[in-house]
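Commentary on secondary and tertiary structure
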Amino acid sequence: MKSFKTMVLGICLVFTLAACNQAVWYDTKEEAMENGLEDKARGVTVEEYKGETIVLYEYEGALGAASITESEKGYHWYRSVPYHGFDVTEDLPYTTGSFTFETEAGVEVAILYGAIFDPMMDINEVASREELTEVTMLDESDLFYTLLE
């Protein structure tokens, strides 16, 4: 009886592991993005970084980051980190944060991100204050980011 339970448990484990590894693959990067993005996503920006396709976007006031994996199967949406937002209680012109995420292929991507609260401040002033050469503002959003080397 004990070996029967062990065998059933083993079969269930195999099926569970197989189900967890079922990635959905698409014919194009655009299809992978369309199916991976949340309905309320906006300000979508695509960057090529170290041979990887990185997608950054705003979702409900927070920054989302994902990658698109390419293989012989097609293209796959991969998001390994939570959304990054801010709970600001002070009267700040802007704020920043950073995080690192790993693509499905194992490439680490470091991101400095932030939000501008002062409508009189522009992205070039933020870049200058943060001593950065390039900062990208997400369209239709107060969020900005830069990929760090």
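Structure: see above.
Here is a short report on the structure shown in this document.

What counts and what doesn't
- Residues numbered from 1 in each chain as written.
- Predicted model: local features only at pLDDT ≥ 70, side-chain atom pairs only at ≥ 80, totals over all residues.
- Heavy atoms only, no water.
- Helix = DSSP H or I, 4+ residues; strand = E, 2+ residues; numbered from the N terminus.
- Contact = heavy atoms within 4.5 Å.
- Areas by Shrake-Rupley, 256 points an atom, 1.4 Å probe, with all protein chains shown as cover.
- Core = buried A, V, L, I, M, F, W, Y, C linked by side-chain atoms within 4.5 Å.
- Buried < 20%, exposed > 50% of the residue type's maximum accessible area, 1.4 Å probe, protein only.
- Salt bridge = Lys/Arg side-chain N within 4 Å of Asp/Glu carboxyl O.

A count of helical and extended segments in the protein gives three helices and eight strands. In the protein, the succession of α and β elements from N to C terminus is α-α-β-β-β-β-β-β-α-β-β. Expressed as a percentage of contacts within the protein between residues at least 6 apart in sequence, the contacts between residues at least 24 apart total 47%. In the structure as shown, the protein presents an accessible area of about 9,500 Å², 50% of it carried by carbon and sulfur atoms.

Next up on the list: the nonpolar core. With 17 residues, the main nonpolar core has Leu56, Leu63, Phe99, Phe101, Val109, Ile111 and Tyr145 as its most contacted residues. When residues of this core are traced back to their parent elements, those giving at least two are strand 2 (52–59), strand 3 (62–71), strand 5 (94–102), strand 6 (108–116) and strand 8 (143–148). By residue number, the principal contributor to this core is strand 6, which donates four residues. Contacts of Phe99, omitting those with residues within four sequence positions, involve Leu63, Ala65, Val81, His84, Val109, Ala110, Ile111 and Tyr113.

Our focus in this paragraph is the pattern of salt bridges. Following the criterion strictly, the structure yields four salt bridges and no others. Between Lys29 and Glu48 there is a salt bridge, with its nearest N and O atoms 3.5 Å apart. Of this pair, Lys29 sits in helix 2 (residues 29–36) while Glu48 sits in strand 1 (residues 42–49), and the two are 19 residues apart along the sequence. The class for Lys29 is partly exposed, based on a relative accessible area of 25%. Across the pair Glu60 and Lys40 runs a salt bridge whose closest N-O atoms are separated by 3.4 Å.

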